[in-house]
Amino acid sequence: MKLIRDFVVLLSCLMVGKGMATLLPFAFPGSILGLLLLFFLLSTQLLPLSWIHDGGQLILRHMALLFIPVAVGLLGYTDLLSDGLGLIISSALSGLVLILLVVGRLYQRMLS
């Protein structure tokens, strides 16, 4: 029963976020709004962590399985992905370097 409660709380935050996204005058992902709502509820302690902990742990433990449908769906676009492979790799590497530089600089500032 505890896992059912955990999943109901998580799914209700997701559904409220999707509902909020339909009310907005611009396009915004409802799942992000649901995560922000969940973060707000947890940080203000309106929602105890114990209500979602076990369900969240179960989802995180099996998260790799959730990426299989996405990977299989990408196989349908191999020609499109191969055309922009250089751009994809260079964007990923430049983003990684930029993140490392910014985080390193912030860490140095925090230490001094």
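Details of the structure are given in the entry above.
The rules behind the values
Residues numbered from 1 in each chain as written. Predicted model: local features only at pLDDT ≥ 70, side-chain atom pairs only at ≥ 80, totals over all residues. Heavy atoms only, no water. Helix = DSSP H or I, 4+ residues; strand = E, 2+ residues; numbered from the N terminus. Rg over C-alpha atoms; globule rule 2.2 N^0.38 Å. Buried < 20%, exposed > 50% of the residue type's maximum accessible area, 1.4 Å probe, protein only. Contact = heavy atoms within 4.5 Å. Areas by Shrake-Rupley, 256 points an atom, 1.4 Å probe, with all protein chains shown as cover. Lys, Arg positive; Asp, Glu negative; His and termini not counted. Charge placed at Lys NZ, Arg CZ, Asp CG, Glu CD. Patch = residues over 30% accessible without salt bridge, like charges linked within 9 Å, V, L, I, M, F, W, Y side chains within 5 Å. Salt bridge = Lys/Arg side-chain N within 4 Å of Asp/Glu carboxyl O. Phe/Tyr/Trp six-rings, centres within 6.5 Å; stacked < 30°, edge-to-face > 60°.

Visitor: Break down the overall build of the protein chain for me, citing the residues and quoting the values.
Guide: Assigned secondary structure in the protein chain consists of 7 helices and 0 strands. Rg of the C-alpha trace for the protein chain: 19 Å, well past the compact-globule value of 13 Å for 112 residues, more than 25% over. Along the three orthogonal principal directions, the C-alpha set of the protein chain runs to about 50 × 50 × 35 Å. Relative to its full complement of 112 residues, the protein chain shows a buried share of 11%. Restricting to contacts in the protein chain with at least 6 residues of sequence separation, those with at least 24 account for 52%. Accessible area for the protein chain stands at about 9100 Å²; split by element, carbon and sulfur atoms hold 77% of it. On the protein chain, the mean spot of the 6 positive side-chain charges and the mean spot of the 4 negative ones are 17 Å from each other.

Visitor: Can you lay out a nonpolar patch on the surface for me, pointing to particular residues and giving the numbers?
Guide: Nonpolar side chains collect at one region of the surface, where Ile59, Leu60, Met63, Leu66, Phe67, Val70, Leu74, Tyr77, Leu80, Leu81 and Ile88 lie side by side and expose about 1100 Å² of accessible area between them. Topologically, Leu60 is positioned in helix 3 (residues 53-61). Using a relative accessible area of 52% as the deciding quantity, one classes Leu60 as exposed.

Visitor: So, the packing of aromatic side chains: which residues are in play, and what are the values?
Guide: Applying the stated criterion across every chain, the model contains 1 aromatic pair. Relative to Phe28, the ring of Phe26 lies with its centre 6.5 Å away and its plane at 90°, an arrangement referred to as edge-to-face. You can call Phe28 partly exposed: its relative accessible area is 35%.

Visitor: Break down the pattern of salt bridges for me, with residues and values.
Guide: If charged atoms from side chains of opposite charge come close, those side chains can pair. For the structure shown, the criterion picks out 2 salt bridges. Arg5 serves as the salt-bridge partner of Asp6, at 3.6 Å between the closest nitrogen and oxygen. The class for Asp6 is buried, based on a relative accessible area of 0%.

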